[in-house]
Amino acid sequence: MAQEKLTEAGQFDLRKLLLTTSEGIEVDLSVSVNEIQIFEDIGSNSIAGYVSIFDTVGLNNAGPLIGMEYLQMIIATPGMVDDKAQINFDDNVLHVTRIVKREQEGNKATTTLEFVSSELIHSRRTKVNRVLKGTYSELFTAIMQGDLSCKKDLYVEETSGVKHLIAPNLTPFTLMKSFALNSVGTEHGTPTFHMYENLKGYHFRSIESMYAEGSKATYHESEAGASPND
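Because the structure is a prediction, the values reported are computed rather than measured.

Things to note about the sheet that holds strand 9 (residues 154-156)
Strand order in the open sheet formed by three strands is 9-12-11, and the pairing between neighbours is mixed. The outermost strands of the open sheet, each flanked by one partner alone, are strand 9 and strand 11 (193-198). Taking each pair of neighbouring strands and ignoring which way they run, the sheet shows an average axis angle of 10 degrees. Pairing between strand 11 and strand 12 (residues 201-206): six bridges, direction antiparallel. For M195, the partnering residue across the bridge sits in strand 12 and is F204.

The structure is reproduced here in structure tokens:
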């Protein structure tokens, strides 16, 4: 049941966790979750993570799990009604890549699955082999939306210089990584671009662009037990 308001730090609502096996069987895991870890990094081109579940739903009978499953996930913060505040991988499903471990302790079985964003899997299965023309920021957008059919939000900083390139049968992520290494922003004039994914979407932008967003929070040093007004 969804919580109406936040009552403690770290509280969340797991609104959906649905596993679809390679045979098309859907298994609701939302009532069996032990732990979920999600990792994002400006040095990584996709979201990754782990979900640990108590096997109370007969996964081996529904599967078997072979590391080729799809995972739909929606996590929300109680009291926040804005959809943008959700961790939403409902339409843009996650891909289970492997079974990390299975543990049996008495009558309790725990299974840990590793997952990544679908764009990473699609990139590994796709090759770009054609002439490309445009700025690096335009080419990034075209490849994400065209070759990878990405429907996520894109945060793209404009780059300078129209390029004429021949893509020699490279994967989209390999190609876009080279774009980031060679891009110069028109606003800040710096070559510090990164291509990465976080929970908001995909980014192709310079470090200066990230700094320009401002601070998310301010921390003050204080003695243990001090009140906020001290």
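Picking up where we left off.
Some details on helix 3 (residues 136-147)
Its 12 residues place the ends of helix 3 15 Å apart at the C-alpha level, agreeing with the 16 Å of an ideal helix rising 1.5 Å per residue. Of the residues making up helix 3, those classed as buried are Y136, S137, L139, F140, I143 and M144. Viewed end-on, helix 3 has its buried residues packed into an arc of 165 degrees, placing them on one side of the element.

Section: the layout of surface pockets
Over the atoms a probe the size of a water molecule is rolled, and this reveals where empty space is left. As a volume, the largest pocket reaches approximately 560 Å³. Around the largest pocket, the lining is made up of 19 residues, and of these Q86, N88, D153, L199 and K200 lie nearest the centre. Of all elements in the fold, only strand 6 (87-105) and strand 11 reach the threshold of two or more residues within the lining of the largest pocket. At six residues, strand 6 tops the list of elements feeding residues into the lining of the largest pocket. Classifying every residue of the lining of the largest pocket gives five nonpolar, five polar and nine charged.

Points about the confidence of the model for the chain
Overall, the predicted model of the chain reaches an average pLDDT of 87, with 87% of residues at or above 70. At the low end of the mean pLDDT range in the chain sits helix 1 (residues 59-62), at 64; at the high end sits helix 3, at 97.

Brief notes about the packing of helix 3 against helix 4 (residues 172-182)
Viewed as axis vectors pointing N to C, helix 3 and helix 4 meet at an angle of 165 degrees, and their least axial separation amounts to 10 Å. Here helix 3 is positioned roughly antiparallel relative to helix 4, judged by the angle of their axes. In the crossing of helix 3 with helix 4, the sense of the turn from one axis to the other is left-handed. Residues Y136, L139, F140, I143, M144 and D147 of helix 3 pack against P172, F173, L175, M176, F179 and N182 of helix 4. In the contact of helix 3 with helix 4, the residues fall into 10 nonpolar, one polar and one charged.

Describing the pairing of strand 7 (residues 108-117)
In terms of burial, strand 7 is largely enclosed, as nine of its 10 residues are buried. Where strand 4 (residues 48-54) meets strand 7, seven bridges bridge the pair, whose relative direction is antiparallel. When the sheet's bridge partners are listed, A48 is paired in strand 7 with V116. Pairing between strand 6 and strand 7: 10 bridges, direction antiparallel. When the bridges of strand 7 are listed, L94 appears paired with S117.

Here we look at the pairing of strand 4
Pairing between strand 3 (residues 33-39) and strand 4: six bridges, direction antiparallel. In the strand pairing of strand 4, Q37 is matched with Y50.

Things to note about the sheet that holds strand 2 (residues 26-28)
Taken together, the seven strands give an open sheet; going across it, the order is 2-1-5-6-7-4-3, and neighbouring strands pair in antiparallel fashion. At either end of the open sheet lies a strand with only one pairing partner, and these are strand 2 and strand 3. Mean inter-strand twist for the sheet, computed between neighbouring axes without regard to direction, equals 25 degrees. By the bridge criterion, seven bridges tie strand 1 (residues 13-20) to strand 5 (residues 70-76) in an arrangement that is antiparallel. Paired with L19 across the two strands is L71, which belongs to strand 5.

Reading guide: rules and limits
- Residues numbered from 1 in each chain as written.
- Predicted model: local features only at pLDDT ≥ 70, side-chain atom pairs only at ≥ 80, totals over all residues.
- Heavy atoms only, no water.
- Pairing = 2+ DSSP bridges.
- Helix = DSSP H or I, 4+ residues; strand = E, 2+ residues; numbered from the N terminus.
- Axes fitted to C-alpha atoms, helices over the stretch in contact; angles between N-to-C directions.
- Expected span 1.5 Å × (residues − 1).
- Buried < 20%, exposed > 50% of the residue type's maximum accessible area, 1.4 Å probe, protein only.
- Arc of directions from axis to C-beta.
- 1 Å grid on protein atoms, 1.4 Å probe; cavity = no way out; pocket = protein on both sides within 12 Å on 5 of 7 lines; lining within 4 Å.
- Points joined across faces, edges and corners; volume = space filled by probe spheres on them.
- Nonpolar A, V, L, I, M, F, W, Y, C, P; charged D, E, K, R; others polar.
- pLDDT = per-residue confidence, 0-100.
- Parallel < 35°, antiparallel > 145°, perpendicular 65-115°, else oblique.
- Left-handed = near helix turned anticlockwise from the far one by under 90°.
- Contact = heavy atoms within 4.5 Å.

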